[in-house]
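Listed below are the residues making up each chain.
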Amino acid sequence: AKLTDEKFENSLVFDKAFEYSYKTKENKNLNIYEINFRNFDGKIFSNEKSIDKFIGYVKENNFTHVKLMDVFTYSFSYNEKLLNLEKLKLFIDICHKNDIGIIMDLYISSFYPSEKYLLRFDNSNMYNYDYDDILYNYEGRINLDPSKKIVKSFILSFISYLFDEFKLDGISFINLENLIYWQGD
């Protein structure tokens, strides 16, 4: 079949016989409850009863997702004092069981300036920029150089790990402007 506009300037060719085998997903508004682990006492994760009580609160207030903030920090690691990963996985599993999605904050543009992290990992600038005058961002952290293949691989591997290990529904990228607007340009 062929459709044209009134002036025969534009046309569209299509096949009415084709039927899609999938249906488009229903778009529904997101209502996100945010948990910042730096200001969090962790009692929600103490047992399943506490988790169920929290999820009841989330559902009662029509939240569709829980956003986990400051789980993995600028060093691409987590603070064991703030959170137990096994309890976090249980929490995520129970949220999914109750149709509540999980979104996690992720800092991928920089890391802390400490020798035990990625700065001069192999005595070279493997992960950061090669020039010392642009080494630090405005927050005092080391900028990752996104033009390097190893940095891209590192970031994609970390994101893949998070989705596989924690069964996330989404990621929120924090401070992405350091990768997009290099030195404010």
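Our subject is the structure that appears above.
An account of the accompanying structure is given in this report. Note that this is a predicted model, so its numbers are computed, not measured.

The rules behind each value
Residues numbered from 1 in each chain as written. Predicted model: local features only at pLDDT ≥ 70, side-chain atom pairs only at ≥ 80, totals over all residues. Heavy atoms only, no water. Helix = DSSP H or I, 4+ residues; strand = E, 2+ residues; numbered from the N terminus. Expected span 1.5 Å × (residues − 1). Buried < 20%, exposed > 50% of the residue type's maximum accessible area, 1.4 Å probe, protein only. Arc of directions from axis to C-beta. Contact = heavy atoms within 4.5 Å. Salt bridge = Lys/Arg side-chain N within 4 Å of Asp/Glu carboxyl O. Pairing = 2+ DSSP bridges. Axes fitted to C-alpha atoms, helices over the stretch in contact; angles between N-to-C directions.

With 18 residues, helix H3 (residues 149-166) should cover 26 Å at 1.5 Å per step; its first-to-last C-alpha distance of 25 Å lies within 8% of that length. Of all the residues in H3, the buried ones are Val-151, Ile-155, Phe-158, Ile-159, Leu-162 and Phe-166. End-on view of H3: buried residues confined to an arc of 95°, all on one side of the axis. The exposed set on the far side of H3, more than 90 degrees from its buried face, consists of Lys-149, Leu-156 and Asp-164. Looking at the packing, one finds that the buried side of H3 touches helix H2 (85-97), strand S5 (101-107) and strand S8 (170-174). A positive backbone phi angle near 55° is found at Lys-167, which sits one or two residues after H3.

This brings us to the environment of Phe-111. When you line up the elements, Phe-111 lands in strand S6 (residues 110-111). Here the alpha-carbon distance between Phe-111 and Leu-144, two residues 33 residues apart in the chain, equals 7.4 Å.

Taken as a whole, this structure holds four salt bridges when the rule is applied. A salt bridge links Glu-165 to Lys-89, with the shortest nitrogen-to-oxygen separation between them at 2.3 Å. Here Lys-89 lies in helix H2 and Glu-165 lies in helix H3, a separation of 76 residues in the sequence. In this structure Lys-89 comes out as partly exposed when scored by relative accessible area, which is 23%.

To continue, consider the environment of Leu-135. Relative to the helices and strands, Leu-135 resides in the loop between S6 and strand S7 (142-143). For Leu-135, a relative accessible area of 4% gives the class buried. In the structure, Leu-135 is positioned 10 residues away from Asp-145 in sequence and 9.3 Å away in space, judged by C-alpha atoms.

Pairing is parallel across the open sheet formed by four strands, whose spatial order is S3-S4-S5-S8. Only two strands of the sheet have a single partner each, and these edge strands are strand S3 (32-36) and S8. For this sheet, the mean angle separating the axes of adjacent strands, direction not counted, is 25°. Together, S3, strand S4 (65-69) and S5 form the strand contacts of H2, whose direction differs from that of S5 by roughly 140°. In the packing of H3 onto the sheet, contacts are made with S5 and S8, and the angle to S8 comes to roughly 140°.

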